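Listed here are the chains, written in short residue letters.
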Amino acid sequence: MESMDCEIIEGPSTSSSSQKPKPKNSKSHLPWIEKYRPLTFQDIVGNEDTVSRLEVFSRNGNTPNIIIAGPPGVGKTTTILCLARALLGPSMKEAVLELNASNERGIDTVRNKIKMFAQQKVTLPPGRHKIVVLDEADSMTDGAQQALRRTMEIYSNTTRFALACNNSEKIIEPIQSRCAMLRYTKLTDAQLLSKVLDVCVKENVSYTDDGLEAIVFTAQGDMRQALNNLQSTHNGFGHVDSKNVFKVCDEPHPLLVKKMLMQCVSGDISSAYKIIAGLWKLGYAPEDIIGNIFRVCKGLDVSEPLKLEFIQEIGLTHLKIVEGVNSLLQLSGLLARLCLKAKSVGVN
Ligand SMILES: Nc1ncnc2c1ncn2[C@@H]1O[C@H](COP(=O)(O)OP(=O)(O)OP(=O)(O)O)[C@@H](O)[C@H]1O
Ligand SMILES: [Mg+2]
């Protein structure tokens, strides 16, 4: 329903005709994550509460300093850029200073670059402020963050700070206390699917339902990964079905893992072992295998008590693997315990 106007590149002033501008020429070479990076709040999928709060800020101006924290690929950088675009429009070029982990962001940068920018005079409408975007702020050193404390306050009548990070604990307390903390969560499968479908239609991708299901399964709530996997499969194979997706993503096929778990349910340890040994031989990392087993188990069609027992065992094995005991024996031990659980809890 929202007509994703991803093709509008430089803002509304460039639209000369009432027809949609032709998108292909300038953007056809772009990776889809950039080509379909949302430009307005309406196009951002998920985390609706936070996004709508920011939308209100962007209408009224006078935003607080913000920190957006959350897992990778869920739209943190995108949101901050949308906010800057909505607040500043055409003045965005001179009124936004964007620094990310690829820039030098030590204490000197804070002292020189950020301070200089904050002192610069830019004429903006009332209620609008210059914005310093500190992307991937969790990689800033403590010293640099300390240097930011007073700067944030001194220039608060002209400049606002927007920080994005994966790990909010890495932002020092005093900075957190000067900012509104907004937390992003992973996107749900339905949210991923809606955007992926949208891109499929726009790019004329040939797909099957199980292919898109596989894209969503492998992305684990990360929109960037979903779009990248979609594009890789489309470019590599020309057709998005589950087989091709799992080839591109190089993950154990969930159907195989499901089969293995169902064999445990029926107590057939030798067949289940064959599958896990096969996966091991193919060279999958034990962490990936156990993560995959967990995700498949969550959707397994067995009774609730049995599923809970299974998840407990899988979790304990995951713990041991993370601690370094990551042999094939560990994984086959898990299968044996699952068989025992199925026997004691009973299948229904
Ligand atoms: N909520 C979303 N709605 C629509 N597209 C999204 C969303 N989140 C991510 N994307 C897509 O994924 C790409 C990467 O998103 P973005 O750069 O905002 O991630 P991020 O949260 O900043 O991740 P990181 O923590 O790795 O920096 C975007 O260009 C966009 O195409
Ligand atoms: Mg980012």
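Residues numbered from 1 in each chain as written. Chains lettered and ligands numbered in written order. Predicted model: local features only at pLDDT ≥ 70, side-chain atom pairs only at ≥ 80, totals over all residues. Heavy atoms only, no water.

A word on helix H13 (residues 254-265)
Condition: In this description a helix means any DSSP run of H or I spanning at least four residues, a strand means any run of E spanning at least two, and both kinds are numbered starting from the N terminus. Expected span of a helix: the number of residues minus one, times 1.5 Å. The cut-offs for exposure are 20% and 50% of the maximum accessible area for each residue type, with area from a 1.4 Å probe on protein chains only; residues under the lower value are buried, those over the upper are exposed, and the others partly exposed.
End to end, H13 covers 16 Å across twelve residues, agreeing with the expected 16 Å (1.5 Å per residue, within 8%). Burial in H13 covers these residues: Pro-254, Val-257, Met-260, Leu-261, Gln-263, Cys-264 and Val-265. In the stretch just after H13, Gly-267 is the one whose phi turns positive, near 80°.

Here we look at the sheet that holds strand E5 (residues 180-183)
The cut-off we apply is this: When DSSP finds at least two bridges between two strands, those strands are taken to pair. Fitted lines through C-alpha atoms give the axes, limited to the stretch in contact for helices. The angle between two N-to-C directions lies from 0 to 180 degrees. We call two residues contacting when some pair of their heavy atoms lies within 4.5 Å.
Sheet architecture is open: five strands sit in the order E2-E3-E4-E1-E5, paired in parallel fashion. The outermost strands of the open sheet, each flanked by one partner alone, are strand E2 (96-99) and E5. With direction set aside, neighbouring strand axes in the sheet form an average angle of 15°. Looking at chain direction, E2 and strand E3 (residues 130-134) are connected through four bridges and run parallel. Within E3, the position partnered with Val-96 by the bridge is Ile-131. Contacts from helix H3 (residues 48-60) reach strand E1 (66-69) and E5 within the one sheet, and its direction differs from that of E5 by about 140°.

What about the confidence of the model for the chain?
Heads up, the condition is: Known as pLDDT, the predictor's per-residue confidence is scaled from 0 to 100.
Taken residue by residue, the chain gives an average pLDDT of 86. The fraction at 70 or more is 92%. Considering each helix and strand of the chain separately, the mean pLDDT is smallest for helix H1 (residues 24-27), with a value of 55, and largest for helix H16 (residues 304-322), with 95. Long-range and interchain partners of residues 1-24, a stretch whose pLDDT sits below 50, account for 22 contacts in this model, where long-range means more than four residues apart.

Observations regarding the packing of H16 against helix H17 (residues 328-345)
Our working definition: Throughout, the term roughly parallel applies to angles under 35 degrees, roughly antiparallel to angles over 145, roughly perpendicular to angles from 65 to 115, and oblique to all others. If you view the pair so one helix is near and one far, a crossing is left-handed when the near helix is turned anticlockwise from the far one by less than a right angle, and right-handed when it is turned clockwise. Each residue is assigned to one of three groups, with Ala, Val, Leu, Ile, Met, Phe, Trp, Tyr, Cys and Pro labelled nonpolar, Asp, Glu, Lys and Arg labelled charged, and all others, Gly among them, labelled polar.
At a minimum axis distance of 10 Å, the contact between H16 and H17 shows a crossing angle of 160°. When the interaxial angle is binned, H16 and H17 end up roughly antiparallel. Considering the relative orientation of H16 and H17, their crossing is right-handed. In contact with Pro-305, Leu-306, Glu-309, Phe-310, Glu-313, Ile-314, Thr-317, Lys-320 and Ile-321 of H16, H17 contributes Gln-330, Leu-331, Leu-334, Arg-337, Leu-338, Lys-341, Ala-342 and Val-345. The residue makeup of the contact of H16 with H17, split by class, is ten nonpolar, two polar and five charged.

Focus: the domain arrangement of the chain
Keep this limit in mind: An automatic or database domain assignment is the source of the domain bounds shown. Note on definitions: buried area is the accessible-area loss of two parts on being combined, 1.4 Å probe, summed for both. Here, a salt bridge means any Lys or Arg side-chain nitrogen found within 4 Å of an Asp or Glu carboxyl oxygen. As used in this structure description, the phrase polar contact means that two N or O atoms lie within 3.5 Å; if the pair is within protein, one of them must be able to donate a hydrogen and the other to accept it, and residues adjacent in sequence are counted only when both atoms belong to side chains.
By the assigned domains, the chain splits into domain 1 (34-183), domain 2 (189-249) and domain 3 (254-346). Its C-alpha centre places domain 2 at a distance of 26 Å from the equivalent point of domain 3. Counting residues at the interface gives four residues for domain 2 and four residues for domain 3. Contact between domain 2 and domain 3 buries roughly 360 Å² in total, counting both sides, with carbon and sulfur atoms accounting for 68%. Among the residues domain 2 hides against domain 3, the three largest losses belong to Phe-217, Gln-220 and Phe-246. Together they make up 96% of the total. Here domain 2 is connected to domain 3 by zero salt bridges. At the surface where domain 2 touches domain 3, the tally comes to one residue pair in polar contact (both at pLDDT 80 or more).

What to know about the site of ligand 1
How we decide: Note on definitions. A residue lies near a molecule or strand when any single heavy atom of the residue is within 4 Å of it. For the accessible areas, the method is Shrake-Rupley and the probe is 1.4 Å, while residue cover comes only from the protein chains on display.
Of all residues adjacent to ligand 1, which total 19 residues, the nearest are Ile-33, Val-45, Lys-76, Thr-77 and Thr-78. The separation between an oxygen atom of ligand 1 and a polar main-chain atom of Ile-33 is 2.5 Å. A distance of 2.6 Å separates an oxygen atom of ligand 1 from a polar atom in the side chain of Lys-76. Computed on the free molecule, ligand 1 has an accessible area of 630 Å², of which 95% lies beneath the protein chains in the complex. Mapped by element, the contributors of at least two residues to the shell around ligand 1 are helix H4 (76-88) and helix H11 (223-237). Taken together, the residues that form the shell around ligand 1 break down as nine nonpolar, five polar and five charged. Looking at which domains feed residues into the shell around ligand 1, each of domain 1 (34-183) and domain 2 (189-249) gives three or more.

A look at the pattern of salt bridges
Considering all chains together, one arrives at nine salt bridges under this definition. The shortest N-O distance in the salt bridge between Glu-203 and Lys-35 comes to 2.6 Å. In this pair, Glu-203 sits in helix H9 (residues 189-203) while Lys-35 sits in helix H2 (residues 32-35), placing the two residues 168 residues apart along the sequence. Residue Glu-309 is joined to Lys-341 by a salt bridge in which the shortest nitrogen-to-oxygen separation is 3.2 Å. Here Glu-309, found in helix H16, pairs with Lys-341, found in helix H17; they are 32 residues apart in sequence, far enough to count as distant. For Glu-309, a relative accessible area of 25% puts it in the partly exposed group.

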